[in-house]
Amino acid sequence: IDRLDIRNPDVRAGYLSYLLDQNRVDLIGPAVHLLLDEKREADVPLLLTACERLLAARRVDQAVEIWNRLADAGSVPFPTPAAEGRQLLANGSFAAPPSSLGFDWRLPVVEGISVSREEEPLGLRLTFSGTEPEDCEALVQFVPVRGKTPYQLSFAFRTQGIPSGAGLAWRIADAAAGTILKESPSLASEPDTQAHLPFETPAECRLARLSLRYRRSPG
């Protein structure tokens, strides 16, 4: 794309789409940067697709750059700062509906689990019908991290009609290796509860996978 000096943004977008169709994420950098510089709203879905593909390929820094450039342009509501000592979760208060793209919250489609946003105060309500699978994920987010670094997940929750030890918990894993880094105690509390989950990343870890997981306890 540099050698041909392609200037038409529609052709640039078509070239990026072609590279993604060919699964050549190793070559998409120049095309992505040119489209980001154009700041066209029409290119946002294609750039988010590129972000998704880079995440799948574990090219975390490139995916973060796309997401944060789109956030700077106002095309996605929240940045994901990959810096030590700063808030890393995107959309941590659920102020915007989860998009299930990039670094935003992902809502897996699970039969028996329904989701709605809460306005006062801001939050997300998950309703389990009792017909959900015995082992499933209700909420997921990919978080860029640094290797060999301590972090802490802070969260607030309230449950209704869920007994202690029922099997609902936060899980933090190394996205590349699949290794579980930390798992919270079972979540069950009728009053509003604040909790913290400290963990440390392995030396080579660059992407953590945060999930709200349900595993039905025996009986």
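Here the structure is shown first, and the text comes after it.
Residues numbered from 1 in each chain as written. Predicted model: local features only at pLDDT ≥ 70, side-chain atom pairs only at ≥ 80, totals over all residues. Heavy atoms only, no water.

Okay, the overall build of the protein next. Scanning the protein for helices and strands turns up four helices and eight strands. Listing every helix and strand of the protein by position from the N terminus yields α-α-α-α-β-β-β-β-β-β-β-β. Dimensions along the principal axes, computed over C-alpha positions, put the protein at roughly 65 × 35 × 30 Å. Taken across its 219 residues, the protein has 43% of its residues classed as buried. Residue pairs in contact within the protein that sit at least 24 positions apart in sequence constitute 64% of those at least 6 positions apart. (Helix = DSSP H or I, 4+ residues; strand = E, 2+ residues; numbered from the N terminus. Buried < 20%, exposed > 50% of the residue type's maximum accessible area, 1.4 Å probe, protein only. Contact = heavy atoms within 4.5 Å.)

With 30 residues, the main nonpolar core has Leu16, Ile28, Val32, Leu47, Ile66, Leu70 and Phe103 as its most contacted residues. Among the elements of the structure, α1 (9–21), α2 (29–38), α3 (44–56) and α4 (60–72) are those that each provide at least two residues to this core. Examining the composition of this core, we find that eight residues originate from one element, α3, more than from any other. Ranked by size, the runner-up nonpolar core spans 29 residues in total, among them Trp105, Leu124, Tyr151 and Ala208. (Core = buried A, V, L, I, M, F, W, Y, C linked by side-chain atoms within 4.5 Å.)

Okay, α4 next. Over its 13 residues, α4 runs 18 Å from end to end, which matches the ideal 18 Å to within 8%, given 1.5 Å per residue. Among all positions of α4, only Val60, Ala63, Val64, Ile66, Trp67, Asn68, Leu70 and Ala71 are buried. Residue Gly74 follows α4 closely and has a positive phi angle near 80 degrees. (Expected span 1.5 Å × (residues − 1).)

Another aspect to go through is the side chain of Glu137. Residue position: Glu137 is located in strand β3 (residues 135–144). Residue classification places Glu137 among the buried residues on the basis of a relative accessible area of 16%. Polar side-chain contacts of Glu137 include one of 2.6 Å to the side chain of Arg209. Reaching out from Glu137, the side chain makes a polar contact with the side chain of Ser211 at a distance of 3.4 Å. Among all residues touching Glu137, those that are not within four sequence positions of it are Pro108, Val110, Arg209, Ser211, Leu212 and Arg213. (Polar contact = N/O pair within 3.5 Å; in protein donor to acceptor, adjacent residues only side chain to side chain.)

With that settled, consider the packing of α3 against α4. Running from amino to carboxyl end, α3 crosses α4 at an angle of 155 degrees, the nearest separation of the two axes being 8 Å. For the element pair α3 / α4, the angle class is roughly antiparallel. Handedness of the crossing formed by α3 with α4: left-handed. Residues Val44, Leu47, Leu48, Ala50, Cys51, Leu54 and Leu55 of α3 form the contact with α4, whose own contacting residues are Gln62, Ala63, Ile66, Trp67 and Leu70. (Axes fitted to C-alpha atoms, helices over the stretch in contact; angles between N-to-C directions. Parallel < 35°, antiparallel > 145°, perpendicular 65-115°, else oblique. Left-handed = near helix turned anticlockwise from the far one by under 90°.)

Take the sheet that holds strand β6 (residues 180–183) next. Spatially, the four strands line up as an open sheet ordered β3-β8-β5-β6, and their pairing is antiparallel. Because the sheet does not close on itself, it has two edges, and the strands there are β3 and β6. With direction set aside, neighbouring strand axes in the sheet form an average angle of 20 degrees. Where strand β5 (residues 168–174) meets strand β8 (residues 207–215), seven bridges bridge the pair, whose relative direction is antiparallel. Paired with Asp174 across the two strands is Ala208, which belongs to β8. (Pairing = 2+ DSSP bridges.)

A few words on the pairing of β5. With respect to burial, β5 is a largely interior element, seven of its seven residues being buried. Residue alternation in β5 divides its side chains into two sets, Leu168, Trp170, Ile172 and Asp174 and Ala169, Arg171 and Ala173, and both sets are buried. With three bridges joining them, β5 and β6 adopt antiparallel strand pairing. Looking at the pairing, Ala173 lines up with Ile180 of β6. Here β5 folds back onto β6, and the loop between the two strands holds five residues, one of which, Gly178, carries a positive phi near 80 degrees.

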